[in-house]
Amino acid sequence: MCRLLGYLGGPILLDSLLYKPEHSLIVQSYQPREMTSGLLNADGFGIGWYHSHLDTDPFSYKNIQPIWSDINLPSISRYVESGCALAYVRSATVGQAVDLSNCQPFEYNRLMFVHNGFVKNFRQSLYRPIRDRLNDATYQLINGTTDSEHIFGLFVNELTAPNMTIEVALRNALTTLAELANFHEVEFSANIIVSDGNQLVASRFASKKAPPSLYWLRDDPNFPEAVIIASEPLFVGNWHQCPPQSIISTGKDGDLKINSIL
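Residues take numbers from 1 onward in each chain, read along the sequence in its written order. Local features in this predicted model are restricted to residues whose pLDDT is 70 or higher, and side-chain atom pairs enter the listing and the counts only when it is 80 or higher, whereas totals over whole chains, interfaces and linings include all residues. Only hydrogens and water are removed before side-chain values are computed, so all heavy atoms of the structure are retained for them.

Colleague: I tried to follow the overall build of the protein on my own but got confused; where do I start?
Modeller: In this description a helix means any DSSP run of H or I spanning at least four residues, a strand means any run of E spanning at least two, and both kinds are numbered starting from the N terminus. Along the backbone of the protein there are 7 helices and 13 strands. All radius of gyration figures rest on C-alpha atoms, and the globule criterion is 2.2 Å times the number of residues raised to 0.38. Against the globule reference of 18 Å for 262 residues, the protein gives a C-alpha radius of gyration of 17 Å, in line with a compact fold. Principal-axis analysis of the C-alpha atoms places the extent of the protein at approximately 45 × 40 × 35 Å. Buried means the residue's accessible area, taken with a 1.4 Å probe over protein chains only, is under 20% of the maximum for its type, while exposed means over 50%, and partly exposed covers the values in between. Relative to its 262 residues, the protein shows a buried fraction of 56%. Considering only contacts within the protein whose residues lie at least 6 apart along the sequence, 65% involve residues at least 24 apart. Under the counting rule used here, the positive set is Lys and Arg, the negative set is Asp and Glu, and His together with the chain ends is not counted. To locate a charge, take atom NZ for lysine, CZ for arginine, CG for aspartate or CD for glutamate. Between the averaged position of the 19 positive side-chain charges in the protein and that of its 26 negative side-chain charges there is a distance of 5 Å. Working rule for contacts: check all heavy atoms of both residues, and any pair within 4.5 Å makes them a contact.

Quick look at the structure:
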């Protein structure tokens, strides 16, 4: 099961999130503390970020190697500075290909999306039902084979409605996912972080068992006027566990809201 990270605040070098903390995302790739399935996150990784001074779509760097073996990332992360970034390390579901098309974050215009979780027996259960819910434009966005990207498709499908917000679109997508899972009697979990560069919107959600771990931290002395959302605490601090079946959202003002999904 993957490990996720989202940051929103003042511009920082990416290595201050990826490498410097004692339980950084690099450490979580080979020594996670709270994974409920799998032992390692060795099936690739992805980093996405927004440039603080450019009004452009986000940038990303992905690799199918384990994050600890990438020789370029240490230099890149000491050079790239951003006030909003998402990152993840992957533990691929059995049977899913380890290739770049299945690497997150997934992108849509200015949006980035990362998912930690699963749909049980995805190809035999919700693969076709989810696709049947997508409009043609969203259907064409899906390049890979993962349950994660199909949940991303549900989200984008909702977001294309007029005057839709990220938070409501994510809530609607997860509600649809829950309805499909209930009808087809299949288990799923969906911890998600989404950003457009100005906000982080995250979910901690599952159908039957407790959702995977997810925490938030605000205004830490090492990261003042910033919010971090992560699968596991990166360092000792005032971390708060996100409630199950909830959506967490924050903007650049640092105001953080938590609302129930169902």
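Picking up after the structure, the text goes on.
Colleague: Where do I start with the side chain of Ser91 in this structure?
Modeller: Among the structural elements, Ser91 can be located in the loop between β4 (81–89) and β5 (106–108). Ser91 sits in the buried class, given a relative accessible area of 15%. Here a polar contact is taken to be a pair of N or O atoms separated by no more than 3.5 Å, where protein atoms must pair a possible hydrogen donor with a possible acceptor and residues adjacent in sequence count only if both atoms sit in side chains. At a separation of 3.3 Å, a polar atom in the side chain of Ser91 contacts the main-chain carbonyl oxygen of Leu40.

Colleague: Would you mind going over the sheet that holds strand β8 (residues 199–204) with me for this structure?
Modeller: Sheets are built from strands paired through backbone hydrogen bonds, the pairs being either parallel or antiparallel. DSSP calls a pair of strands paired once it identifies at least 2 bridges connecting them. Spatially, β5-β6-β7-β8-β12-β13 is the arrangement adopted by the 6 strands of the open sheet, whose pairing is antiparallel. Bordering the open sheet on either side are β5 and β13 (256–260), each of which pairs with just one other strand. The average angle at which neighbouring strand axes cross in this sheet is 20°, direction not considered. Here β5 runs beside strand β6 (residues 111–119); their pairing, made up of 3 bridges, is antiparallel. Its bridge partner lying in β6, Tyr108 is registered against Leu111. The convention used is that axes are lines fitted to C-alpha atoms, helices contributing only their stretch in contact, and that angles between N-to-C directions extend from 0 to 180 degrees. The strands that helix α6 (residues 147–159) touches are β5, β6 and β7 (188–195); relative to β6, the one it contacts most, it runs at about 130°. On top of the sheet, helix α7 (residues 166–183) reaches β6, β7, β8, β12 (246–251) and β13; it is set at about 165° to β7, its chief contact.

Colleague: Quick question: what am I supposed to make of unusual backbone geometry here?
Modeller: Glycine aside, negative phi is the norm for most residues, and most peptide bonds take the trans geometry. Omega for the peptide link from Gln104 to Pro105 comes to 5°, which places this bond in the cis form. With respect to the helices and strands, Pro105 occurs in the loop between β4 and β5. Here Asn121, not a glycine, exhibits a phi torsion of approximately 50°, which is positive. Here Asn121 is to be found in the loop between β6 and α4 (127–132). Positive phi values are uncommon outside glycine, yet Glu225 reaches one of about 55°.

Colleague: Help me out: how do you make sense of the packing of aromatic side chains in this one?
Modeller: The geometry of an aromatic ring pair is captured by the separation of the ring centres together with the interplanar angle, meaning the angle of the planes. Each Phe, Tyr or Trp ring, with Trp reduced to its six-membered ring, pairs with another whose centre is within 6.5 Å; inter-plane angles below 30 degrees give stacked pairs, above 60 give edge-to-face pairs, and intermediate values give tilted ones. Scanning all chains against the criterion turns up 11 aromatic pairs. Ring plane angle 15° and centroid distance 5.8 Å describe the contact between Phe223 and Phe235, whose orientation is recorded as stacked. Of the two residues, Phe223 sits in strand β10 (residues 223–230) while Phe235 sits in the loop between β10 and β11 (240–241), which places them 12 residues apart along the sequence. No difference in accessibility class separates Phe223 from Phe235, as the two residues are buried. An aromatic cluster of three or more residues is present, and its members are Tyr7, Phe223, Phe235 and Trp239. Between Arg123 and the ring centre of Tyr127, over which it is positioned, the NZ or CZ distance is 4.0 Å. Above the ring of Tyr139, the side-chain terminus of Arg131 is found at 4.7 Å from the ring centroid. By definition, being over a ring means that NZ of Lys or CZ of Arg is both within 6 Å of the ring centre and within 35 degrees of the ring normal.

Colleague: So what exactly am I meant to see when it comes to the sheet that holds strand β1 (residues 3–13) here?
Modeller: Spatial ordering of the open sheet is given by β3-β2-β4-β1-β10-β9-β11, a layout of 7 strands whose pairing is antiparallel. Each edge of the open sheet is held by one strand with a lone partner, namely β3 (59–63) and β11. Two strands pair when backbone bridges link them, and strand β2 (residues 45–49) and β4 are joined in this way by 5 bridges, in the antiparallel orientation. What sits directly across from Phe45, in β4, is Val89.

Colleague: Can you walk me through the environment of Thr145 in this structure?
Modeller: Positionally, Thr145 belongs in the loop between α5 (136–141) and α6. Along the chain, Thr145 and Ser24 lie 121 residues apart, while their C-alpha atoms are 28 Å from each other. Apart from the residues lying within four places of it in its own chain, the contact partners of Thr145 are Gln96, Asn102, Phe122, Arg123 and His150.

Colleague: I would appreciate a short explanation of a nonpolar patch on the surface in the present structure.
Modeller: Patch definition: residues above 30% relative accessible area lacking any salt bridge, with like charges linked at up to 9 Å and the nonpolar side chains Val, Leu, Ile, Met, Phe, Trp and Tyr linked at up to 5 Å. Accessible areas in this description were obtained via Shrake-Rupley with a 1.4 Å probe; residue shielding takes into account the shown protein chains only. The salt bridge definition used is simple: a Lys or Arg side-chain nitrogen within 4 Å of an Asp or Glu carboxyl oxygen. Together, Tyr30, Leu39, Leu40 and Trp68 give the surface a local cluster of nonpolar side chains, amounting to about 450 Å² of exposed area. Tracing the backbone shows Leu40 in the loop between α2 (25–30) and β2. Under the relative-accessibility criterion, Leu40 is labelled partly exposed at 39%.

From the geometry alone we can't say anything about function, so treat these as descriptive.
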